[in-house]
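Chain by chain, the residues:
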Amino acid sequence: MDLDERARTPTARCDLLLTEGTVLTVVGERPTIDRGFVAITGDRIVAVGSHEDGSLPAADRTISCRGRVVMPGLVDCHNHMFQSLGRTLGEGLTGWEWLSRFMWPYAAQITHEETMAAVYLGAVEAVLAGTTCVLDHHYGRTDEATTLAVAAALEEVGLRGKVARGIAGPYTDLARHQGLPESAFRIPADEELAITEMCMRARPKGSKVEIWPGPINAVYTDQDLLAASVELARSHGVGWHTHCSAPRGDPEAYRDAYGMRPATWLHSQGLLGPDTVLAHTTWLDEAEIEAIGSTRTAVAHCPLSNQYVPYGVMPLRELLDAGATIGLGSDGSACGHRQDLFENMKLLVLMHRLHHLDPKASSGPQAFEIATKGGAAVHGIDAGALVPGALADVIVIDTTRPHLVPWHQASSGIVYSARGSDVEVNIVGGEIVVEDGRCTRVDQDEVVDEARRRAGELMDRVGLRDLAAPRLARSRQGSECSDR
Ligand SMILES: [Zn+2]
């Protein structure tokens, strides 16, 4: 049965029915259904169609979506929820300064309680902004209890996804050469693998939030430990996630140390594949693009953070042409500043157009697909499209707001005009986790208060206050002006 056939299959009754909406299915001959409905039973979509096609299924609960868009939830393929308490710090730092002066001290000294305050805040932000699934690279406090609590918190707020437990291991010569603090590499390799495996056993494949190995960086994680991490993932039938070649100097520094570029080495060891999710990959040569594409390796594209730091422009078109699976990543609130994949979709389009000076270099429909179907493929879940049988990860957007009128072209409206705060309803696995723009499963006001309090304590203890001072930017005339 093809997708269109499945979309027309009648169903007599359902748990939850979304009616009267403009339904963006993202599939088949009917990517958009005007005055459509979506029927949900349990955690799955059971019917999608038009009111014009005939009678609706009976439902335990019906939500009218008149004046609304009903679309797949957005999928985040690279995040760091624990960084949420550092929002707005580090203005104007270079990539390595940002890591060594800000993020490494922050990650090394954050407590369990501060981690949880940060993760709840990030998760609440994410569901309110229409994210339904997240891959969280967690390298702050990575003891077993905290890692499992992070996964539990994401699930409690209502998200599905994965926590990739950050694995640092031994202090490599390259990490020393690059100026990373030795204090960040404090857990021996054996212990890193043992803690990760305990967490994986507690949240195995099929859990709503799984635990994956997350070697911190393909460039400065010890090669043996990285290979052992991938082996661990494969022995449990799950994926693994790491950063790769974000700053321009990383591939060359890696080649100086090991004799080849990082993605080439991963390929030479059989470590690439559909179970591999690489974040950033901004600096790749042709052989690396071919290796990533031919192995159907997944890539988390982070257009906002790549511009903020700034790292550079990922070769999107080349990677897609080579066969890579691409999803979108918000990269956490310390450099993304918001959990908002709408913003990232728009920035994806704009950065590639500017880079190539070509309006055809990227498009709204392409960004929309990457944020939905692409992300679901990266996560290996049956989501990202509104079709019977798929997971019921669905969001509803109010399109009566002034900045969303008129609405001539659906995916352009979503990518260029909508923002996370336009999301009224967020449904994950058939459960409503946001309704009327408020979290249903946790007290979001309490989460915000706790985060505000913990953030102040963290800044004082770690000594981050100076990073909040206004930094000087050089004006066009060469004089210096204050950045407010
Ligand atoms: Zn990252």
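Keep in mind that this is a model prediction, so the values were computed, not measured.

What to know about the packing of helix H14 (residues 364-379) against helix H15 (residues 410-417)
Now for step 1: The interhelical angle for the contact between H14 and H15, taken along N-to-C directions, is 75 degrees, at an axis separation of 8 Å. Overall, the two elements H14 and H15 adopt an arrangement that is roughly perpendicular. For the pair H14 and H15, the contacting residues are Gly364, Pro365, Ala367 and Phe368 in the first and Ser411, Ile414, Val415 and Tyr416 in the second.
Now for step 2: Taken together, the residues that form the contact of H14 with H15 break down as six nonpolar, two polar and no charged.

What to know about the side chain of His137
Now for step 1: Of note, His137 is situated in strand E7 (residues 131-138).
Now for step 2: With relative accessibility at 0%, the residue His137 sits in the buried group.
Now for step 3: Of note is the side chain of His137, whose polar atom sits 3.1 Å from the backbone oxygen of Gly214.
Now for step 4: What His137 contacts, discounting residues up to four positions off in sequence, is His78, Asn79, His80, Phe82, Ala164, Gly166, Gly214, Pro215, Ile216, His241, Thr242 and His243.

Here's the deal with the environment of Ser229
Now for step 1: Inspection of the secondary structure puts Ser229 in helix H7 (residues 223-235).
Now for step 2: On the basis of relative accessibility, which here comes to 0%, the residue Ser229 falls in the buried class.
Now for step 3: C-alpha separation for the pair Ser229 and Asp436, spaced 207 residues apart in sequence, amounts to 42 Å.
Now for step 4: In contact with Ser229, not counting residues within four places along its chain, are Ile167, Leu193, Pro213 and Pro215.

Focus on the packing of helix H13 (residues 341-356) against H15
Now for step 1: Between H13 and H15, the shortest axis-to-axis distance is 7 Å and the interhelical angle comes to 95 degrees. Between H13 and H15, the angle is such that the two are roughly perpendicular. When H13 is examined against H15, the residues Phe342, Met345, Lys346, Val349 and Arg353 are found in contact with a partner set consisting of Ile414, Val415 and Tyr416.
Now for step 2: Residues of the contact of H13 with H15, tallied by class, amount to six nonpolar, no polar and two charged.

Examining the pairing of strand E10 (residues 240-244)
Now for step 1: Where burial is concerned, most of E10 is hidden: five out of the five residues are buried.
Now for step 2: Here five bridges tie E10 to strand E11 (residues 276-280), and the two strands are oriented parallel to one another. Within the sheet, the bridge partner assigned to Thr242 lies in E11 and is Leu278.

Quick notes on the packing of aromatic side chains
Now for step 1: Applying the stated criterion across every chain yields a total of nine aromatic pairs.
Now for step 2: With centroids separated by 6.0 Å and ring planes inclined at 45 degrees, the aromatic side chains of Phe82 and Tyr106 adopt a geometry described as tilted. Pair noted here: Phe82 is in the loop between strand E6 (74-79) and helix H2 (95-109) and Tyr106 is in helix H2, with a separation of 24 residues, a long-range link.
Now for step 3: Given a relative accessible area of 0%, Phe82 falls into the buried group.
Now for step 4: Residue Tyr106 is classed as buried on the basis of its relative accessible area, which comes to 0%.

What counts and how
- Residues numbered from 1 in each chain as written.
- Predicted model: local features only at pLDDT ≥ 70, side-chain atom pairs only at ≥ 80, totals over all residues.
- Heavy atoms only, no water.
- Axes fitted to C-alpha atoms, helices over the stretch in contact; angles between N-to-C directions.
- Helix = DSSP H or I, 4+ residues; strand = E, 2+ residues; numbered from the N terminus.
- Parallel < 35°, antiparallel > 145°, perpendicular 65-115°, else oblique.
- Contact = heavy atoms within 4.5 Å.
- Nonpolar A, V, L, I, M, F, W, Y, C, P; charged D, E, K, R; others polar.
- Buried < 20%, exposed > 50% of the residue type's maximum accessible area, 1.4 Å probe, protein only.
- Polar contact = N/O pair within 3.5 Å; in protein donor to acceptor, adjacent residues only side chain to side chain.
- Pairing = 2+ DSSP bridges.
- Phe/Tyr/Trp six-rings, centres within 6.5 Å; stacked < 30°, edge-to-face > 60°.

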